[in-house]
Amino acid sequence: MAVTLPEPVRELVDGKNFATVATLDADGGPQTSVVWVGLDDGDLVFSATEDRLKVRNLRRDPRASVSITDAENPYRHTQLRGTVTITPDPGKTLPKALSHKYLGQDPPPEGDEVERVIVRLRVERIAGNVR
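Residues numbered from 1 in each chain as written. Predicted model: local features only at pLDDT ≥ 70, side-chain atom pairs only at ≥ 80, totals over all residues. Heavy atoms only, no water.

Taking an unreviewed UniProt entry as the reference, the protein is identified by name as Pyridoxamine 5'-phosphate oxidase belonging to Amycolatopsis japonica.

So, in C-alpha cells, the structure goes:
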C-alpha cells in the first residue's frame, strides 16, 4: 500500500540532493546507483537507460530502496522503500526536467539509439531522520 510522503521528505526529494538506489542482482546481492530524483503524482521518479544494470535488476525484481541525504545537512536523510514500474520515455522528458532541476540546463544530447525509461517508485515504507 502506497504511503503519502510527509513534507520534510518531499523537501529532500525536491532539493538538489543526490539519491542512492539499491536493487538486487540476480544472485541476490545488493547493487547501488547514484541518481537524480524528482516527484511525479506523489511517486519518486528517476531516469535511466534501458541497458543499465539497475533497470535489468528492477525488471526481474521490482523491489527497491532509495536513500536521500540532505546536501546541506547530512544528518537529515530518508530511506524510501517500495516497488517500481518502468515505462518508456521516448521523448526523454524526465532527464531534461531533472537536468534543469540539478544543473539549470539541458542535458547533453543523446542519440536516437539510446532508450530512456522512467522508473517510478511507489513508496510503501519511509524511514530516516528528516526533522
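Focus on the UniProt feature "domain: Pyridoxamine 5'-phosphate oxidase N-terminal" (unreviewed entry) in the protein
The feature "domain: Pyridoxamine 5'-phosphate oxidase N-terminal" (unreviewed entry), as given by UniProt, occupies residues 6–126 in the numbering adopted here. In residues 6–126, helix accounts for 22% and strand for 43%; the two terminal C-alpha atoms are 9 Å from one another. (UniProt positions renumbered as here; feature names shortened; annotations may be inferred. Helix = DSSP H or I, 4+ residues; strand = E, 2+ residues; numbered from the N terminus.)

Overview of the side chain of Thr-78
Tracing the sequence through the fold places Thr-78 in strand β6 (residues 77–88). Residue classification places Thr-78 among the buried residues on the basis of a relative accessible area of 2%. Of the polar contacts made by the side chain of Thr-78, one reaches the backbone oxygen of Ala-127; its length is 3.0 Å. If sequence neighbours within four positions are ignored, Thr-78 has contacts with Val-9, Leu-12, Val-66, Ser-67, Ile-68, Ile-126, Ala-127, Gly-128 and Val-130. (Buried < 20%, exposed > 50% of the residue type's maximum accessible area, 1.4 Å probe, protein only. Polar contact = N/O pair within 3.5 Å; in protein donor to acceptor, adjacent residues only side chain to side chain. Contact = heavy atoms within 4.5 Å.)

Let's talk about the pattern of salt bridges
Taken as a whole, this structure holds eight salt bridges when the rule is applied. A salt bridge links Arg-120 to Asp-43, with the nearest nitrogen and oxygen atoms 3.3 Å apart. With Arg-120 in strand β7 (residues 116–129) and Asp-43 in strand β4 (residues 43–49), the pair connects residues that are 77 residues apart, well separated along the chain. Classification of Arg-120 by relative accessible area gives partly exposed; the value is 23%. Between Arg-63 and Asp-61 there is a salt bridge, with its nearest N and O atoms 2.7 Å apart. Residue class for Asp-61 comes out buried when judged on its relative accessible area of 17%. Among the charged side chains, a network of salt bridges with common partners joins Glu-11, Asp-70 and Arg-76. (Salt bridge = Lys/Arg side-chain N within 4 Å of Asp/Glu carboxyl O.)

Thoughts on the sheet that holds β7
A sheet is described by the order of its strands in space; here seven strands give the open sequence β2-β1-β5-β6-β7-β4-β3, paired in antiparallel fashion. Each edge of the open sheet carries a strand with a single partner, namely β2 (30–35) and β3 (38–40). Each strand of the sheet is rotated relative to its neighbour by a mean of 35°, with strand direction disregarded. Against the sheet, helix α3 (residues 93–103) contacts β3, β4 and β7, and its axis sits at roughly 110° relative to β4. (Pairing = 2+ DSSP bridges. Axes fitted to C-alpha atoms, helices over the stretch in contact; angles between N-to-C directions.)

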